[in-house]
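Coordinate analysis (summary)
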Amino acid sequence: FGFAGFAWSLDKQDPWQFILFYTSVCGGFAYWWFNRSLLSWPTILIIAILFRGLFLFDSNCRLSDDVYRYLWDAEQVAYGQNPYEYTPTEWLTQPHESQLPEQDSLYSLLNSKDSYSIYAPVCQIMWSNSVWWAEYSGFGNTIQSRIFFLKVFYLIIEIITMLLIVRILIKRGQAAQLAGIYALNPLVIVEFMGNLHPDVFMILFLSVSVLLVTSKRFLTAAIPFGFAIGTKILPIVFLPFLIRKWGWKKALLFSAIAIGVGALLFLPFISHKLAENIAANLHLYYVRLEFNASIFYLVRNGYSYLTGSTDTAFVAPMLAVISGLIILYYASRKYSEGKGMIYFMVTGLAFYSLLSSTVHPWHLTLPL
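Being a predicted model, the structure only gives us computed values, none of them experimental.

**Quick word on the side chain of Arg300**
Inspection of the secondary structure assignment puts Arg300 in helix α16 (residues 295-307). Judged by its relative accessible area of 17%, Arg300 falls in the buried class. Setting aside chain neighbours within four positions, we find Arg300 in contact with Glu290, Thr312 and Val315.

See below:
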C-alpha cells in the first residue's frame, strides 16, 4: 500500500500523504525485521522486486525534480556534447541540434538552469542509455518515456546489487536474509526507484569490488572501486582504512589503481573548462549549499551570535577538514572484537554526515 502510494499518487505538497505512506512502508519493514525467520532469501528478493516494480507504472519522480537534470545531461552526452562545458541556459544560446522534441519543456522543469553539471562521468554514461532506449524502442522519444527506461535500468541494477549482497553475506558466513536490510528498506526503494538518484551506481560497483575482495582478487577489485569513484567521489574516504587491513604496499597499489581508473573516466570529458567548472561546483557544494545539516547549523549560528559576523563561508570547509581528520583517526584504530574495519568505516561516514553542510536522504544509503 505504502509503496503503491509513493509510486502512483503521492503529492509532495501534502505532508499527510507522505506521513501515511512512509508510516506504512516503515511499519512493514519493522515487522519483517522482528520476524526475519518468516521469509527465505528468494522470497525477500521477489518481494523486493515487486515493490520496486510498482514504480515502473508511473513515469514520474514524485519527490524529486533532479531527474530532469539527469535527462538534460543524458541528452548532451548521447549526441556528443560535453555536459560540463555549458550550463543549460548557456547551451540554449549556442547553435545546436536536439533529438528531444520536448527540449524546451525539459529546460523549464530544471532546478539548476544556471549551474554546471555536478554529476560524475559514470552517471553521465549510465543516464545516456535512456536516450537510445527511448529513441529506438518505439515507445516515443519523450521525457516520460526516458524516465520509464531509466526506471527499468535502475531496476536491473538493483536486482544485480541485491544478488551481489547475498553472495557477499554467504562468503562472510552470514545469513542471506540479512540482505533484506538493503533489499526491503524504504529509504533505498524510494530514493533509487522512486527518485532515480545515482548513488545506486556507486553501490553496485562497490558491491562488485567487495565481492572480489572476499574472493582474494584484490587488484582486480580496484577496477570496480575506481568506477565507484567515477560515480561519486565519496568512496575515496574508504581507502585509508585499507592500510591497517592490508599493509601499506597493497593498500597504496589498490588506491593507485582505483584512483587511476576514476581519473581515466574523466578523459572523454576533458576540456579547457572542465577544471574550472568542477572547482565552481565544489565551491557551490562546500560553501553555498546548506540543507538538512545538524552540527553545521549549530556552529554557523553560534559563531554569528557570538561575533555578530555574517561571514560564515569558512564553516563548511572547516568542518569538512575536521571530518577528514576524524576519518583518518578511525582508519588508524586497532581492531577489536566487534569493531573491525567495516565498523570504523561506517563510524567515519556517520561523522562525515553529521559535519556536512548538505545531507540529503539518499546520502545515507552508502553507510546503510
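**Here we look at the pattern of salt bridges**
Counted by the stated rule, this structure contains 6 salt bridges. The shortest N-O distance in the salt bridge between Glu158 and Arg52 comes to 2.9 Å. Taken as a pair, Glu158 in helix α8 (residues 143-171) and Arg52 in helix α3 (residues 41-53) lie far apart in primary sequence, 106 residues in all. The exposure classification of Glu158 matches that of Arg52, with both residues buried. Here Asp58 and Arg62 are joined by a salt bridge, their closest N and O atoms 2.7 Å apart. On the basis of relative accessible area, Arg62 is assigned to the partly exposed category, the value being 23%.

**With respect to the packing of α3 against α8**
Where α3 contacts α8, the two axes come as close as 11 Å, and the packing angle between them is 160 degrees. As summarised for this structure, α3 and α8 are arranged roughly antiparallel, according to the angle between their axes. The chirality of how α3 crosses α8 is right-handed. Between α3, through Trp41, Leu45, Ala48, Ile49 and Arg52, and α8, the contact on the second element is made entirely by Leu155, Glu158, Ile159, Met162, Leu163 and Val166. Taken together, the residues that form the contact of α3 with α8 break down as 9 nonpolar, no polar and 2 charged.

Conventions used here
- Residues numbered from 1 in each chain as written.
- Predicted model: local features only at pLDDT ≥ 70, side-chain atom pairs only at ≥ 80, totals over all residues.
- Heavy atoms only, no water.
- Helix = DSSP H or I, 4+ residues; strand = E, 2+ residues; numbered from the N terminus.
- Buried < 20%, exposed > 50% of the residue type's maximum accessible area, 1.4 Å probe, protein only.
- Contact = heavy atoms within 4.5 Å.
- Salt bridge = Lys/Arg side-chain N within 4 Å of Asp/Glu carboxyl O.
- Axes fitted to C-alpha atoms, helices over the stretch in contact; angles between N-to-C directions.
- Parallel < 35°, antiparallel > 145°, perpendicular 65-115°, else oblique.
- Left-handed = near helix turned anticlockwise from the far one by under 90°.
- Nonpolar A, V, L, I, M, F, W, Y, C, P; charged D, E, K, R; others polar.

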